[in-house]
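# Per-entry structural report
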Amino acid sequence: GEDVEQSLFLSVREGDSSVINCTYTDSSSTYLYWYKQEPGAGLQLLTYIFSNMDMKQDQRLTVLLNKKDKHLSLRIADTQTGDSAIYFCAEVYNQGGKLIFGQGTELSVKP
Amino acid sequence: AAGVIQSPRHLIKEKRETATLKCYPIPRHDTVYWYQQGPGQDPQFLISFYEKMQSDKGSIPDRFSAQQFSDYHSELNMSSLELGDSALYFCASSSTSYQETQYFGPGTRLLVL
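So, here's what we can say about the structure.

Each value, and the rule that gives it
- Residues numbered from 1 in each chain as written.
- Chains lettered and ligands numbered in written order.
- Predicted model: local features only at pLDDT ≥ 70, side-chain atom pairs only at ≥ 80, totals over all residues.
- Heavy atoms only, no water.
- Buried < 20%, exposed > 50% of the residue type's maximum accessible area, 1.4 Å probe, protein only.
- Helix = DSSP H or I, 4+ residues; strand = E, 2+ residues; numbered from the N terminus.
- Pairing = 2+ DSSP bridges.
- Phe/Tyr/Trp six-rings, centres within 6.5 Å; stacked < 30°, edge-to-face > 60°.
- Core = buried A, V, L, I, M, F, W, Y, C linked by side-chain atoms within 4.5 Å.
- Contact = heavy atoms within 4.5 Å.
- Axes fitted to C-alpha atoms, helices over the stretch in contact; angles between N-to-C directions.
- Salt bridge = Lys/Arg side-chain N within 4 Å of Asp/Glu carboxyl O.
- Polar contact = N/O pair within 3.5 Å; in protein donor to acceptor, adjacent residues only side chain to side chain.
- Nonpolar A, V, L, I, M, F, W, Y, C, P; charged D, E, K, R; others polar.
- Disulfide = S-S within 2.5 Å.

Residues and elements named next belong to chain B. Most of strand β9 (residues 87–94) is tucked away, with 8 of its 8 residues classed as buried. Burial along β9 is two-sided: A87, Y89, C91 and S93 and L88, F90, A92 and S94, pointing in opposite directions, are all buried. As paired elements, strand β4 (residues 31–37) and β9 share 7 bridges and run antiparallel to each other. The partner of Y35 across the bridge, within β9, is F90. Inspection of the sheet shows β9 paired to strand β11 (residues 108–112) by 3 bridges, in the antiparallel sense. Across the sheet, residue Y89 finds its bridge partner in β11, namely T108.

What follows is the structure, encoded as structure tokens:
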């Protein structure tokens, strides 16, 4: 079935690292994505990882993929107050098809 | 770089009225997707088009219809609006010739009174 799960809330202090976790179900997904949504705003593509990779680093962002456990994580290093937002992981359901989103993790960064 | 354009950005309608949402994909993108995001919810897939043909259909009510035109822009037509249709409607576009990553527009916020 189609199911992507995330924890709903995460609170960190400015300067700390944040780790947002996600589990997915479709083992045939070719790409897995992280999107960021600020209040009242659209979905900003943050990063993605191809399913044959274990890790991808992009500046402050590190994505880890455990394909065996169908577990995806996003680590944000040196978290800033501007990182406060809702973070959605998403998998592609059938190649080129619709995105299935998790419920979103609300990240709160305290000064 | 050009992004996905959606219009209008905000729309207020009465119950039972109709609404038309427009989406202009990134140039050279051939696939358009529509998603609905209710308050506090994750985006839910409605429908998609590839090369002007419907390619996939999700939880789209029969009251809604959509199409993709020859210039690749897409319109989502919503009739007999209900209070529950109040949501943020996103359009995304992708290119089948490059990775198929979906890029989202800023959304249209629809409020049905």
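With that settled, consider the packing of aromatic side chains. This structure, assessed with the given rule, holds 13 aromatic pairs over all chains. Measuring from centroid to centroid gives 5.9 Å for Y31(A) and Y48(A), while their planes differ by 70 degrees, and the two rings are edge-to-face. Taken together, the residues span a long stretch of sequence, with Y31(A) in strand β4 (residues 31–37) and Y48(A) in strand β5 (residues 43–50) at a distance of 17 residues. Using a relative accessible area of 16% as the deciding quantity, one classes Y31(A) as buried. Accessibility expressed as a relative area gives 22% for Y48(A), which makes it partly exposed. Between Y33(A) and Y35(A), the ring centres sit 6.1 Å apart and the planes meet at 35 degrees, which makes this aromatic pair tilted. Taken as a pair, Y33(A) and Y35(A) share a single burial class, namely buried. Through pairs of rings, three or more aromatic residues link up here, namely Y31(A), Y33(A), Y35(A), Y48(A), F50(A), F88(A), F101(A), Y35(B), F45(B), F90(B) and F104(B).

Time to look at the nonpolar core. Counting residues in hydrophobic clusters, the biggest one holds 22 residues, and the most contacted among them are L21(B), W34(B), L76(B), M78(B) and Y89(B). Elements with a contribution of two residues or more to this core: β3 (19–24), β4, β5 (44–50), β7 (64–68), β8 (74–78), β9 and β11 of chain B. Y89(B) has contacts with Q6(B), L21(B), Y35(B), Q36(B), L46(B), F64(B), L76(B), M78(B), G107(B), T108(B) and L110(B), leaving out every residue within four places of it along the chain. Counting residues in each nonpolar core, the second largest holds 21 residues, with C22(A), L46(A), L74(A) and V109(A) among its members.

A separate point is the sheet that holds β8(B). Residue and element names in this part refer to chain B. Read across the sheet, 4 strands follow the order β1-β3-β8-β7 without closing on themselves; strand pairing throughout is antiparallel. Every interior strand has two partners, whereas the edge strands, β1 (5–7) and β7, have only one. Along the sheet, successive strands turn relative to each other by an average axial angle of 15 degrees, direction set aside. For β1 and β3, the ladder comprises 3 bridges, and the chain directions are antiparallel. Looking at the pairing, S7 lines up with K22 of β3.

Quick look at the interface of chain A and chain B now. If you look at the interface, chain A gives 19 residues, while chain B gives 19 residues. Taken together, the links from chain A to chain B amount to 0 salt bridges. Joining chain A to chain B, the criterion identifies 5 residue pairs in polar contact (both at pLDDT 80 or more). If you list the elements that add at least two residues to the side of chain A that touches chain B, you get β4, β5 and β10 (99–101) of chain A. In terms of residue count, β4(A) provides more of the side of chain A that touches chain B than any other element does, 4 residues in total. Residues of the side of chain A that touches chain B, tallied by class, amount to 10 nonpolar, 8 polar and 1 charged.

A few words now on the state of the cysteines. On inspection of all chains with the given rule, the structure shows 2 disulfides over all chains. Note on cysteine connectivity: C22(A) is disulfide-linked to C89(A), with sulfurs 1.9 Å apart. Here the disulfide of C22(A) and C89(A) is right-handed, its torsion about the S-S bond being about 70 degrees. Of this pair, C22(A) sits in strand β3 (residues 18–23) while C89(A) sits in strand β9 (residues 85–92); the two residues are 67 residues apart in sequence, bridging distant segments of the chain. Taken individually, C22(A) and C89(A) each receive the classification buried, so the pair is uniform in this respect. Here C23(B) engages in a disulfide with C91(B); their sulfurs sit 1.7 Å apart.

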